[in-house]
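So the chains spell out like this:
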Amino acid sequence: MKLIHTADWHLGKLVQGVYMTEDQRFILDQFVSDIAMEQPDVIIIAGDLYDRAVPPTEAVDLLDQYLAHIVLDLQIPVVAISGNHDSPGRLRFGSQMMQGQGLYIVSELNQQMEPVVIHDEYGAVHFHLVPYAEPGSIRHLFDDESIKTHHDATKAIVNQIESNLDQDARHVFVGHLFATPKGEERHNTSESERPLAIGGAEHVDASLFEPFHYTALGHLHQAHFVGNETVRYAGSPLKYSISEENHQKGYLIVELADDGNVEIEKRLLEPKRDMRRVEGYLDDLLQQEVNDDYVFVRLLDEEAVQFPMERIRSVYPNAMHVERRIPRSERPERAVQQMERRRLSDMELFRAFYQDVTGEEASSDEETIIRDALHQVMTDESSTKER
């Protein structure tokens, strides 16, 4: 069975105040053209179809147009889940009616967790669609107070699936989470993706997915495998922040053999506009040819520059950000520390702030209070989006 694995479309995305709709349409045109050529058996979309719970009308129309083309015109089934940016209610609407046409969207879990079963000439392939959910929701679903973290929640879900696993079938897990080889804490590779939890509670041990022949994941925007080559992130189809400048964007083609072995090939997509850094002196940059890329400009001029964005946009009309490199000799020590802290996690920022204000390190009790407060803020934000 030939699968195409994609994720993190983030339709309706705003980057530096710029709607990416035109760029998303351009890249999706390439994607469906490739689908028509490849003729896969199934398309997997592993969450974050939209960028926010209440997407703009243009994003809704975009998703409707391309899903209809894939499912109705090309007659290729799509299996999809909601991610942490999506509204489960909006994605769920009409999904039961569309299942008969080949569109399977799961946005909320139930205890049965029935797989979507699709057959090829070798038999059944079970797609276990597990949308993003807060650990608290899974704790309530299983009535298990020991579920505290995303790893705990995923383990409970996998155990439930495994208890009913058909040993004669091939199995594909589709999830939206932050997996690391042993569940260890790691930083995200993209500034455009918000954390799922605070203080390491978002990380999931990739070894949990050993019962499955292939694991199709979403959430992280850089394509890579985790621990085992069959546990994969497809990455986002476009760059959504300058932190993704060096990502190679595309999708994965997965060939699932009759014995469950897989072969994986990455295919690249060419964006309408690249997103990249540009550095130089203003006079030199103004001599360049006009370029439509989304650029983040760092000026090397030591003296102040008047109206830098307006002047840069005469060459780079889609420039998103302009800054001037300040010589280190001009930077107050505290400013240097603040620049370094931009890359810290929330808890690391709290520790540094506490140290600055009190001159002492925060106690474990104080860190626990802050960690719980941050998690509650994130939970309240997620709940607000559902209303």
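Residues numbered from 1 in each chain as written. Predicted model: local features only at pLDDT ≥ 70, side-chain atom pairs only at ≥ 80, totals over all residues. Heavy atoms only, no water.

- Looking up the protein chain in an unreviewed UniProt entry gives the name Nuclease SbcCD subunit D, with the organism given as Alkalibacillus flavidus.
- As recorded by UniProt, the Sequence similarities (unreviewed entry) comment attached to the protein chain reads in full: "Belongs to the SbcD family."
- On record in UniProt, under Subunit (unreviewed entry), the comment for the protein chain is "Heterodimer of SbcC and SbcD." (UniProt positions renumbered as here; feature names shortened; annotations may be inferred.)

Notes on the overall build of the protein chain
Piece 1. When its secondary structure is counted, the protein chain shows 11 helices and 19 strands.
Piece 2. A separation threshold of at least 6 residues defines the contact pool for the protein chain, and within that pool the share at least 24 residues apart is 67%.
Piece 3. Total accessible area on the protein chain is roughly 19500 Å²; 45% of this is exposed by carbon and sulfur atoms. (Helix = DSSP H or I, 4+ residues; strand = E, 2+ residues; numbered from the N terminus. Contact = heavy atoms within 4.5 Å. Areas by Shrake-Rupley, 256 points an atom, 1.4 Å probe, with all protein chains shown as cover.)

Topic: the pairing of strand S4 (residues 42-46)
Piece 1. Among the five residues that make up S4, five are buried, leaving the element largely enclosed by the rest of the structure.
Piece 2. Burial along S4 is two-sided: Val42, Ile44 and Ala46 facing one way and Ile43 and Ile45 facing the other are all buried.
Piece 3. Pairing analysis gives four bridges linking strand S1 (residues 2-6) to S4, with the strands arranged parallel. Residue pairing across strands places Thr6 opposite Ile45, the latter belonging to S4.
Piece 4. Two strands pair when backbone bridges link them, and S4 and strand S5 (residues 78-81) are joined in this way by four bridges, in the parallel orientation. Bridge pairing in S5 places Ile43 opposite Val78.
Piece 5. Viewed along the sheet, the connection from S4 through helix H2 (residues 57-73) into S5 turns out right-handed. (Buried < 20%, exposed > 50% of the residue type's maximum accessible area, 1.4 Å probe, protein only. Pairing = 2+ DSSP bridges. Right-handed = clockwise from strand over helix to strand, strands pointing away.)

Notes on the environment of Glu361
Piece 1. Topologically, Glu361 is positioned in the loop between helix H10 (346-358) and helix H11 (364-386).
Piece 2. Residue class for Glu361 comes out exposed when judged on its relative accessible area of 68%.
Piece 3. On a C-alpha basis, the gap between Glu361 and Arg351 in space is 6.9 Å, while along the polypeptide they are 10 residues apart.

Some points on the sheet that holds strand S18 (residues 294-299)
Piece 1. Taken in spatial order, the three strands line up as S17-S18-S19 in an open sheet, and their pairing is parallel. At either margin of the open sheet sits one strand with a lone partner, and together these are strand S17 (275-280) and strand S19 (321-324). Shown here is a sheet whose adjacent strand axes are inclined to one another by a mean of 15 degrees, direction ignored. (Axes fitted to C-alpha atoms, helices over the stretch in contact; angles between N-to-C directions.)

Looking at the sheet that holds strand S13 (residues 224-226)
Piece 1. The strand order across the open sheet formed by six strands is S7-S8-S9-S12-S14-S13, and the pairing between neighbours is mixed. Only two strands of the sheet have a single partner each, and these edge strands are strand S7 (116-120) and S13. Within the sheet, the average angular offset between the axes of one strand and its neighbour, ignoring direction, is 30 degrees.

Looking at the packing of helix H1 (residues 21-38) against H2
Piece 1. Between H1 and H2, the shortest axis-to-axis distance is 11 Å and the interhelical angle comes to 5 degrees. The orientation of H1 with respect to H2, classified from their angle, is roughly parallel. Note on element contacts: H2 touches H1 through Glu58, Leu62, Gln65, Tyr66, His69 and Ile70, opposite Thr21, Gln24, Arg25, Leu28, Asp29, Val32 and Ile35.
Piece 2. Residues of the contact of H1 with H2, tallied by class, amount to six nonpolar, four polar and three charged. (Parallel < 35°, antiparallel > 145°, perpendicular 65-115°, else oblique. Nonpolar A, V, L, I, M, F, W, Y, C, P; charged D, E, K, R; others polar.)

What about helix H6 (residues 150-163)?
Piece 1. The terminal C-alpha atoms of H6 lie 20 Å apart, and with 14 residues this matches the ideal 20 Å at 1.5 Å per residue to within 8%.
Piece 2. Those residues of H6 that sit buried are His150, Ala153, Thr154, Ala156, Ile157, Val158 and Ile161. (Expected span 1.5 Å × (residues − 1).)

Here we look at the environment of Phe127
Piece 1. Position of Phe127 among the secondary structure elements: in strand S8 (residues 123-130).
Piece 2. Taking the C-alpha atoms as reference, Phe127 lies 5.0 Å from Val116; in sequence the two are 11 residues apart.
Piece 3. Discounting residues that sit within four places of it in the chain, Phe127 has contacts with Met1, Leu3, Val42, Ile44, Val79, Pro115, Val116, Ile118 and Val172.

Section: unusual backbone geometry
Piece 1. With phi around 55 degrees, His10 is a residue other than glycine that occupies positive phi space.
Piece 2. By the secondary structure assignment, His10 is in the loop between S1 and strand S2 (14-15).
Piece 3. The backbone of Met113 sits at a positive phi, close to 50 degrees, despite the residue not being glycine.
Piece 4. Position of Met113 relative to the elements: it lies in the loop between strand S6 (103-106) and S7.

Quick word on the packing of aromatic side chains
Piece 1. Inspection of the entire model under this criterion finds four aromatic pairs.
Piece 2. Geometrically, the ring pair formed by Trp9 and Phe31 is edge-to-face, given 6.0 Å between the ring centres and 80 degrees between the ring planes. A residue pair is termed long-range when its members are at least 10 positions apart, and Trp9 in the loop between S1 and S2 and Phe31 in helix H1 qualify at 22 residues. For the pair Trp9 and Phe31, a shared accessibility class is recorded, and that class is buried.
Piece 3. Judged by centre distance (5.1 Å) and plane angle (50 degrees), the rings of Phe173 and Phe212 are tilted. One end of the pair, Phe173, is in strand S9 (residues 170-176); the other, Phe212, is in the loop between strand S11 (203-205) and strand S12 (214-218), and 39 residues separate them in sequence. (Phe/Tyr/Trp six-rings, centres within 6.5 Å; stacked < 30°, edge-to-face > 60°.)

Details of the pattern of salt bridges
Piece 1. One pass over the full model with this rule turns up 14 salt bridges.
Piece 2. Note that Asp274 and Lys239 form a salt bridge whose closest N and O atoms lie 2.7 Å from each other. Here Asp274, found in the loop between strand S16 (262-268) and S17, pairs with Lys239, found in the loop between strand S14 (228-233) and strand S15 (250-256); they are 35 residues apart in sequence, far enough to count as distant.
Piece 3. With relative accessibility at 26%, the residue Asp274 sits in the partly exposed group.
Piece 4. The exposure class of Lys239 is buried, given its relative accessible area of 14%.
Piece 5. Between Arg276 and Asp293 there is a salt bridge whose closest N-O contact spans 2.7 Å. Remark: Asp293 occurs in the loop between helix H7 (282-285) and S18 and Arg276 occurs in strand S17; sequence separation between them is 17 residues.
Piece 6. Since its relative accessible area comes to 23%, Arg276 is described here as partly exposed.
Piece 7. Residue Asp293 is classed as buried on the basis of its relative accessible area, which comes to 13%.
Piece 8. Three or more residues are tied together by salt bridges with common partners; here these are Lys2, Glu38, Glu265 and Arg267. (Salt bridge = Lys/Arg side-chain N within 4 Å of Asp/Glu carboxyl O.)

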